[in-house]
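The residues making up each chain are set out below.
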Amino acid sequence: MTDIVTPETASVDAGGRDRSFLRLPTTFSKPVRVFAWLSFVFEVFIIGTGGAVRLTGSGLGCTEWPLCTPESLVPTQEQGIHGIIEFGNRTITGVVGILALVVLLFTLHIVGGRRSVVKTLWFALGGIATGVAAYAAASLAGVPAFPFFSAGLLLVAIIGAVQSIRSIPGRKDLPVLAWIVLVGVIVQAFVGGITVLTELNPFIVGFHYVASLLLACVTAAYLVRMYAPAGARELVVPKWFAIVTHVTGLALAVTILFGVLTTGSGPHSGDKNVARDGFDASVLAHVHSWPGYILTGLLVVLLIAAWALRLPVRHWALVLVIAVGVQVLVGVWQAREGLPPLLVGIHMVLAALAAAAYTAMVLKLKRPVAADTPA
């Protein structure tokens, strides 16, 4: 890493304004980039492993949380392949959390210096201590203890995030994104436990998937902003193009939402004894396709306009059109083949990749203002 600005080396311009953010590097060192990319990859990968849990009927492979059985942390021989698949997904959650923490500490050190890292580590210890105290109190009261541990850890993490972001003197976009990912992983672990304890309630399972997809988008946003300098930003596309892009995002969100509801009423519940959400799957499948067609049409308009006007986002528009196009083909294919698990899993992962590509395209609608322009 070169030209790193810490609070001790911050500078101001002739007008007295803090210009230290302009001295931050436009490209982070290799270790930071590697861990940031790994964080994104594993956020997508855990969607695939979570889908495998559901599509193989392994949702209750581990009947307890955080233990796999009342007596064992890991699956036993009696639980067979379903226990291994479910426990494997839980293990990936730990990897995702470690990567999120490493990226956060790297980011805080680069932007806020050693002091920011030390404060965060103290908050981490405080969060663990609070969680343990909540766990002990819940155990004495005779109620499920681990949700209280997770809630205590989450509360301290949120307080730590707010304090950390407010105290950082430089750019705040990357710390905010890094904190969102870490807090989001903690929330996901908590929701995962609730999913098991509620015996795979389809609405909670659907929320679990949507939250994972959003975390993939946040890690994608971190990657985009990591390669860009800090400071004020300006549009590099016509205003109408930006408006249509955001309308396209709404169509994408509605399409994914109805896709989640459709899956929640379909045959892949995660366990043969789990009830569905009560909706008619065939009707929802058609409703799911309507915003999908609108989304496809809007993307074609954006792609043609981007290349005709040679806009800087034209390559991302092409990537997004390809991702959604493949997604549509897989969706039609799986519907005609009776929803085979492999195609449904691919469909789930492609939705996350399409959302991440859209996130990158939106962030590319603006570029940093030149260094000599007041922020």
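Residues numbered from 1 in each chain as written. Predicted model: local features only at pLDDT ≥ 70, side-chain atom pairs only at ≥ 80, totals over all residues. Heavy atoms only, no water.

**Here we look at the overall build of the chain**
Applicable threshold: The helix count covers DSSP runs of H or I at least four residues long, the strand count covers runs of E at least two residues long, and both are numbered beginning at the N terminus. Relative accessibility thresholds used throughout: buried, under 20% of the residue-type maximum; exposed, over 50%; partly exposed, between the two (1.4 Å probe, protein chains only). We call two residues in contact whenever any of their non-hydrogen atoms come within 4.5 Å of each other. Surface accessibility in these figures is a Shrake-Rupley result with a 1.4 Å probe; residues are shielded only by whichever protein chains are displayed.
On a plain count of helices and strands, the chain comes out with ten helices and two strands. Each helix and strand of the chain, ordered N terminal to C terminal, gives the series α-α-α-α-α-α-β-α-α-α-α-β. By the burial criterion, 47% of the 375 residues in the chain qualify as buried. A separation of at least 24 residues holds for 72% of the contacts in the chain among residues at least 6 apart in sequence. Element-wise, carbon and sulfur atoms account for 72% of the exposed surface of the chain, whose accessible area totals about 18300 Å².

**Brief notes about unusual backbone geometry**
Even without being a glycine, Arg 310 presents a positive backbone phi close to 50°. Of note, Arg 310 is situated in the loop between α8 (281-308) and α9 (314-336). Given the relative accessible area of 57%, Arg 310 is considered exposed.

**Details of the pattern of salt bridges**
Note that side chains of opposite charge can pair when their charged atoms are close. Heads up, the condition is: Between Lys or Arg on one side and Asp or Glu on the other, a salt bridge is scored when a side-chain nitrogen of the former is within 4 Å of a carboxyl oxygen of the latter.
Summed over all chains, the structure comprises four salt bridges. Asp 173 is the partner of Arg 171 in a salt bridge, and the nearest nitrogen-oxygen pair spans 2.8 Å. A relative accessible area of 4% means that Arg 171 is categorised as buried. Salt bridges here are not isolated pairs; linked through shared partners, they connect Arg 171, Asp 173 and Arg 225.

**Notes on the packing of helix α1 (residues 30-55) against helix α10 (residues 341-363)**
As a reminder of what qualifies: Fitting a line to C-alpha atoms yields each axis, with helices limited to the stretch in contact; the angle taken between N-to-C directions then spans 0 to 180 degrees. Roughly parallel means an angle under 35 degrees; roughly antiparallel, over 145; roughly perpendicular, 65 to 115; everything else is oblique. The handedness criterion is simple: a crossing whose near helix is rotated anticlockwise from the far helix by less than a right angle is left-handed, and one whose near helix is rotated clockwise is right-handed. Classification convention: Asp, Glu, Lys, Arg as charged; Ala, Val, Leu, Ile, Met, Phe, Trp, Tyr, Cys, Pro as nonpolar; all other residues, Gly among them, as polar.
Their axes nearest at 9 Å, the elements α1 and α10 cross at an angle of 155°. Considering the angle they form, α1 stands roughly antiparallel to α10. In terms of crossing hand, the pair formed by α1 and α10 is right-handed. Within the contact between the two elements, α1 uses Phe 40, Val 44, Ile 47, Gly 48, Gly 51 and Leu 55 and α10 uses Pro 341, Val 344, Gly 345, Met 348, Val 349, Ala 352, Leu 353 and Ala 356. Here the contact of α1 with α10 is composed, by residue class, of eleven nonpolar, three polar and no charged.

**Brief notes about the nonpolar core**
Formally: Only buried Ala, Val, Leu, Ile, Met, Phe, Trp, Tyr and Cys residues count toward a nonpolar core, and they belong to the same one when joined by side-chain atoms within 4.5 Å.
Phe 40, Leu 104, Leu 108, Trp 179, Val 185, Tyr 222 and Met 226 are the most contacted members of the largest nonpolar core, which totals 40 residues. Elements that contribute at least two residues to this core include exactly α1, α2 (80-112), α4 (146-167), α5 (173-197), α6 (202-226) and α10. Beyond its immediate chain neighbours, meaning those up to four positions away, Trp 179 contacts Leu 104, Leu 108, Thr 120, Ala 157, Gly 160, Ala 161, Ser 164 and Ile 165. Counting residues in hydrophobic clusters, the runner-up holds 36 residues, among them Cys 217, Val 260, Leu 311 and Ala 323.

**Describing the confidence of the model for the chain**
Worth spelling out the cut-off: Note: pLDDT gives the predictor's confidence per residue, expressed from 0 to 100.
When the pLDDT values of the chain are averaged, the result is 81; 86% of them are 70 or greater. Taken together, the stretch residues 371-375 has pLDDT below 50 and engages in eight contacts with residues farther than four places along the chain or on a different chain.

**A short note on the environment of Val 287**
If you trace the backbone, Val 287 turns up in helix α8. Here Val 287 falls in the buried class, since its relative accessible area comes to 17%. Sequence separation of Val 287 and Thr 255 is 32 residues, and the distance between their C-alpha atoms is 8.9 Å.

**Considering α1**
Our working definition: Here the expected span of a helix is defined as 1.5 Å times the quantity of residues minus one.
An ideal rise of 1.5 Å per residue puts 38 Å on 26 residues; α1 measures up with 37 Å between its terminal C-alpha atoms. One or two positions beyond α1, positive phi appears at Gly 57, with a value near 70°.

**A word on the layout of surface pockets**
Empty pockets left among the atoms are what a rolling probe the size of a water molecule brings to light. Where we set the bar: Cavity: a set of points on a 1 Å grid over the protein atoms alone where a 1.4 Å probe fits but cannot get out. Pocket: an open set with protein on both sides within 12 Å along at least five of seven lines, its lining residues, like those of a cavity, having an atom within 4 Å of a point. Grid points are joined across faces, edges and corners, and a volume is the space filled by probe spheres set on the points.
Estimates place the volume of the second largest pocket at around 800 Å³. What lines the second largest pocket is a set of 28 residues, among which Gly 97, Leu 153, Val 185, Ile 186 and Ala 189 lie closest to the centre. Elements with a contribution of two residues or more to the lining of the second largest pocket: α2, α3 (114-141), α4 and α5. It is α2 that provides the largest number of residues to the lining of the second largest pocket, a total of eight residues. Residue composition of the lining of the second largest pocket, by class: 19 nonpolar, eight polar and one charged.

**Structural notes on the packing of aromatic side chains**
Counted only if it meets this: Working definition: a ring pair exists when centres of Phe, Tyr or Trp rings (six-membered ring for Trp) sit within 6.5 Å. Plane angles under 30 degrees give stacked, over 60 give edge-to-face, the rest tilted. By the criterion adopted, a ring carries a charge over it if an Arg CZ or a Lys NZ lies within 6 Å of its centre and within 35 degrees of its normal.
All told, the structure shown has four aromatic pairs when counted by the stated rule. Arranged with centres 5.9 Å apart and planes meeting at 40°, the rings of Phe 35 and Phe 106 form a pair that is tilted. One end of the pair, Phe 35, is in helix α1; the other, Phe 106, is in helix α2, and 71 residues separate them in sequence. When the centroid spacing of 5.9 Å and the interplanar angle of 80° are considered together, the rings of Phe 42 and Phe 45 count as edge-to-face. Placement of the pair is Phe 42 and Phe 45 together in helix α1, with a separation of three residues, close to one helical turn. According to the relative accessible area criterion, Phe 45 is partly exposed, its value standing at 42%. The residue whose ring lies beneath Arg 314 is Trp 307, and the NZ or CZ to ring-centre distance is 5.5 Å.

**A closer look at the packing of α4 against α5**
Packing of α4 against α5 leaves a shortest axis separation of 10 Å and a crossing angle of 170°. Between α4 and α5, the angle falls in the class roughly antiparallel. As for how α4 packs across α5, the hand of that crossing is left-handed. Listed contacts from α5 to Pro 147, Ser 150, Leu 153, Leu 154, Ala 157, Ile 158, Gly 160, Ala 161, Ser 164 and Ile 165 of α4 are Val 176, Trp 179, Val 183, Ile 186, Val 187, Phe 190 and Leu 197. Residues that form the contact of α4 with α5 fall into these classes: 14 nonpolar, three polar and no charged.

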